[in-house]
Amino acid sequence: MDTVSKQGASVREQVSATEWQIRTDLAALYRLVALFGWDDLIFTHITAKVPGTEHFLINPYGMMFDEITASSLVKIDLNGNKVMESEYDINPAGFTIHSCIHAARKDAMCVLHTHSINGVAVSAQKAGLLPLSQFAFIALRSLSYHDYEGLALNPEEQPRLVRDLGANNYLILRNHGLLTVGQTMAEAFQAMHRLEAACMAQVRAQAGGGELIYIPPEVLARAAVESPADRAHKAALAWPGLLRRLDRRNPGYAE
């Protein structure tokens, strides 16, 4: 048995079946973010709450997203303390952003944050996300903004992050990137896929140089906020296919 397999077996023996499934899905989500090209080397973060606890899982600082496994994820509490032995540290910025959202939003079981080029480009535009695509049509009804305050290392920023996200599922961090939340890894991924696609469509449409066609306000007004059941159902339909794609291209996340 190799070192990774031994580590995986050791961690799996110490956690519940529920936590192991969360770990497996979160490791898959990290690798999917890398597969879709939204990662930023070892930076940015995705976290998931361990059900029934105030603990959450975060990436080991120093591992690339396409390397992360279920057993390598670091379990910490809302104060940033490791609650399970790990050879890895965590990125303080990840703790600052994610811990306050997990604490304030009990429905936010997964928090996904990216520095994608398209997302950062739109985050730097004063008008923000424009109603130019069906992707934007869906995201705009649950989207808010947070002004840039520098590197996310100051705990005094946390109340403003929580305030600005509010009850929404999409957040554009000005001059910084994108953030989505979900009750599962599948929901957080689907939300990010929509938001990233909306930003990509906007940047490409603007680069075309022609006159843009905006979705009319009366049409935007008909955009109903998805119910939690609808959102969960759509995400759950897509998730198994995403895992099959990952199994073909980058297996090993469940170790």
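Residues numbered from 1 in each chain as written. Predicted model: local features only at pLDDT ≥ 70, side-chain atom pairs only at ≥ 80, totals over all residues. Heavy atoms only, no water.

Engineer: So what exactly am I meant to see when it comes to the pairing of strand 4 (residues 110-114) here?
Structural biologist: As a general feature of sheets, a regular strand has side chains that alternate between the two faces. Across the 5 residues that make up strand 4, a large majority, 5, are buried. Neither face of strand 4 is open: one carries Cys110, Leu112 and Thr114, the other Val111 and His113, and all of them are buried. Here 5 bridges tie strand 4 to strand 7 (residues 177-182), and the two strands are oriented antiparallel to one another. Note that in strand 7 the partner of Cys110 across the bridge is Gly182. (Buried < 20%, exposed > 50% of the residue type's maximum accessible area, 1.4 Å probe, protein only. Helix = DSSP H or I, 4+ residues; strand = E, 2+ residues; numbered from the N terminus. Pairing = 2+ DSSP bridges.)

Engineer: Sorry, what's going on with the nonpolar core here?
Structural biologist: Here is a general trend for soluble globular proteins: nonpolar side chains tend to be buried in one another's company. In this structure, Leu26, Leu29, Tyr30, Ile46, Leu129, Met185 and Trp239 are the most contacted members of the largest nonpolar core, which totals 49 residues. Residues within four places of Leu26 in sequence aside, it is in contact with Ile46, Thr47, Ala48, Leu57, Leu73 and Met185. Formed by 13 residues, the second largest nonpolar core is a distinct cluster that contains Leu161, Leu171, Leu179 and Val181. (Core = buried A, V, L, I, M, F, W, Y, C linked by side-chain atoms within 4.5 Å. Contact = heavy atoms within 4.5 Å.)

Engineer: It is not clear to me how the packing of aromatic side chains should be interpreted in this structure. Could you clarify?
Structural biologist: Aromatic ring pairs are defined here through the distance separating the ring centres and the angle between the ring planes. Summed over all chains, the structure comprises 5 aromatic pairs. Between Tyr30 and Phe65 the ring centres are 4.8 Å apart and the planes differ by 90°, which places this aromatic pair in the edge-to-face class. In this pair, Tyr30 is assigned in helix 2 (residues 17-35) and Phe65 in the loop between strand 2 (56-58) and strand 3 (74-76), connecting sequence segments 35 residues apart. The residues Tyr30 and Phe65 share a single accessibility class, namely buried. Measuring from ring centre to ring centre gives 5.3 Å for Phe36 and Trp38, while their planes differ by 45°; the resulting arrangement is tilted. Look at Phe36 and you get partly exposed, because its relative accessible area is 26%. On the accessibility criterion, Trp38 (5% relative accessible area) is buried. Counting every residue linked through ring pairs, the aromatic cluster contains Phe36, Trp38 and Phe189. (Phe/Tyr/Trp six-rings, centres within 6.5 Å; stacked < 30°, edge-to-face > 60°.)

Engineer: For this particular structure, what's the right way to read the pairing of strand 7?
Structural biologist: Taken across its 6 residues, strand 7 has 6 buried, putting it largely inside the fold. Residues Gly177, Leu179 and Val181 point to one face of strand 7 and Leu178, Thr180 and Gly182 to the other, with burial holding for every one of them. With 4 bridges connecting them, strand 6 (residues 170-173) and strand 7 associate as antiparallel partners. Opposite Leu173, over in strand 7, you have Gly177 as the bridge partner. Here strand 6 folds back onto strand 7, and the loop between the two strands holds 3 residues, one of which, Asn175, carries a positive phi near 60°.

Engineer: I tried to follow helix 7 (residues 185-207) on my own but got confused; where do I start?
Structural biologist: One full turn of an α-helix is made of 3.6 residues, so residues set three or four places apart face in the same direction. For helix 7, built from 23 residues, the straight-helix expectation of 33 Å at 1.5 Å per residue is met to within 8% by its first-to-last C-alpha distance of 33 Å. Of the residues trailing helix 7, Gly209 is marked for its positive phi of about 85°. (Expected span 1.5 Å × (residues − 1).)

Engineer: I would appreciate a short explanation of a nonpolar patch on the surface in the present structure.
Structural biologist: A surface patch of nonpolar side chains, amounting to about 330 Å² of accessible area, comprises Leu41, Phe43, Tyr61 and Met64. By the element assignment, Phe43 lies in the loop between helix 2 and strand 1 (46-49). Since its relative accessible area comes to 31%, Phe43 is described here as partly exposed. (Patch = residues over 30% accessible without salt bridge, like charges linked within 9 Å, V, L, I, M, F, W, Y side chains within 5 Å. Areas by Shrake-Rupley, 256 points an atom, 1.4 Å probe, with all protein chains shown as cover. Salt bridge = Lys/Arg side-chain N within 4 Å of Asp/Glu carboxyl O.)

Engineer: Can you walk me through the sheet that holds strand 4 in this structure?
Structural biologist: The pairing of strands in a sheet happens through backbone hydrogen bonds and is either parallel or antiparallel. Spatially, 3-2-1-4-7-6-5 is the arrangement adopted by the 7 strands of the open sheet, whose pairing is mixed. What marks the edges here is a single partner per strand, and that holds for strand 3 and strand 5 (143-146). The average undirected angle you get between the axes of adjacent strands in this sheet is 20°. Where strand 1 meets strand 4, 3 bridges bridge the pair, whose relative direction is antiparallel. What sits directly across from Ile46, in strand 4, is Leu112. Along the sheet, helix 6 (residues 158-165) makes contact with strand 5, strand 6 and strand 7, crossing strand 5 at roughly 155°. (Axes fitted to C-alpha atoms, helices over the stretch in contact; angles between N-to-C directions.)

Engineer: Quick question: what am I supposed to make of unusual backbone geometry here?
Structural biologist: A negative phi angle is the norm for most residues apart from glycine, just as the trans form is the norm for most peptide bonds. Positive phi, normally seen in glycine, also occurs at Leu41, with a value near 55°. Turning to its location among the elements, Leu41 is positioned in the loop between helix 2 and strand 1. You will see that Thr44, though not glycine, has its phi angle at about 65°, which is positive. Locating Thr44 in the fold gives a position in the loop between helix 2 and strand 1.

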